[in-house]
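Here's the letter readout for the chains.
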Amino acid sequence: MTASADYEKVIGDRYFSEWVNKGLEQGREQGREEGRAEGEIEAILAVLDARGLEIPSEARERINRCSDLHILGKWIRRAATATSVDDIFL
């Protein structure tokens, strides 16, 4: 190999490695966020269940579809004092 080819290989390997690492980190972060959302969803349903509130299938589906951690956090706090499941969505 020539010096130029060696240089191109080193640079190519380095950038490829950086792209791969960046993609892996983005995937890990997305997985962490999905895991947090799943935990929040489980918490909302557990609080509502523990309080003896009936959870209609439409409400359960809406809760399960949500992936916004900010909204899920609001719903958890509201679930603690809700008199009906609809109260968490206000």
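In this text, all values refer to a predicted model and were calculated from it rather than measured experimentally.

What about the overall build of the chain?
- From N to C terminus, the chain includes 3 helices and 0 strands.
- Going from N to C terminus, the chain has its helices and strands arranged as α-α-α.
- Considering the chain as a whole, with its 90 residues, one finds that 20% of them fall into the buried category.
- Considering only residue pairs separated by 6 or more positions, the chain has 59% of its internal contacts joining residues 24 or more positions apart.
- Carbon and sulfur atoms provide 53% of the accessible area of the chain, an area that totals close to 6,600 Å².

Things to note about the nonpolar core
- With 17 residues, the main nonpolar core has Leu 48, Ile 63, Trp 75 and Ile 88 as its most contacted residues.
- Counting only elements with at least two residues in this core, the list comes to helix H1 (3-50), helix H2 (57-65) and helix H3 (69-79).
- Here this core gets 5 residues from one element, more than from any other, and that element is H1.
- When near neighbours in sequence (up to four residues on either side) are disregarded, Ile 88 contacts Ile 44, Leu 48, Ile 63, Trp 75, Arg 78, Ala 79 and Ala 82.

Regarding H3
- If you check which residues of H3 are buried, you get Leu 72, Gly 73, Trp 75 and Ala 79. Axial view of H3: buried residues confined to an arc of 160°, hence all on one face. Turned more than 90 degrees off the buried face of H3, the exposed positions are His 70 and Arg 77.
- For H3, the capping residue at the N-terminal end is Asp 68, with a side-chain oxygen 2.8 Å from the backbone nitrogen of His 70.

What to know about the confidence of the model for the chain
- Averaged over every residue, the pLDDT of the chain is 86; residues scoring 70 or more account for 77%.
- Mean pLDDT across the elements of the chain bottoms out in H1 (78) and peaks in H2 (98).

Focus: the packing of aromatic side chains
- Tallying each qualifying case throughout the model produces 1 aromatic pair.
- With 4.9 Å between their ring centres and 85° between their planes, Trp 75 and Phe 89 make a pair best called edge-to-face. Here Trp 75 is found in helix H3, whereas its partner Phe 89 is found in the segment after H3, with 14 residues between them in sequence. You'll find Trp 75 and Phe 89 in the same group, each marked buried.
- Directly above the ring of Phe 89 sits Arg 62, whose terminal nitrogen or CZ lies 4.1 Å from the centroid.

Remarks on the environment of Leu 48
- Tracing the backbone through its elements, the reader meets Leu 48 in helix H1.
- For the pair formed by Leu 48 and Thr 83, sequence separation is 35 residues and the distance between their alpha carbons is 9.5 Å.

Observations concerning the environment of Pro 56
- Following the sequence through the fold, Pro 56 ends up in the loop between H1 and H2.
- Considering only alpha carbons, one finds Pro 56 and Asp 86, 30 residues apart in sequence, at a separation of 9.5 Å.

The rules we used
- Residues numbered from 1 in each chain as written.
- Predicted model: local features only at pLDDT ≥ 70, side-chain atom pairs only at ≥ 80, totals over all residues.
- Heavy atoms only, no water.
- Helix = DSSP H or I, 4+ residues; strand = E, 2+ residues; numbered from the N terminus.
- Buried < 20%, exposed > 50% of the residue type's maximum accessible area, 1.4 Å probe, protein only.
- Contact = heavy atoms within 4.5 Å.
- Areas by Shrake-Rupley, 256 points an atom, 1.4 Å probe, with all protein chains shown as cover.
- Core = buried A, V, L, I, M, F, W, Y, C linked by side-chain atoms within 4.5 Å.
- Arc of directions from axis to C-beta.
- Polar contact = N/O pair within 3.5 Å; in protein donor to acceptor, adjacent residues only side chain to side chain.
- pLDDT = per-residue confidence, 0-100.
- Phe/Tyr/Trp six-rings, centres within 6.5 Å; stacked < 30°, edge-to-face > 60°.
- Lys NZ or Arg CZ within 6 Å of the ring centre and 35° of its normal.

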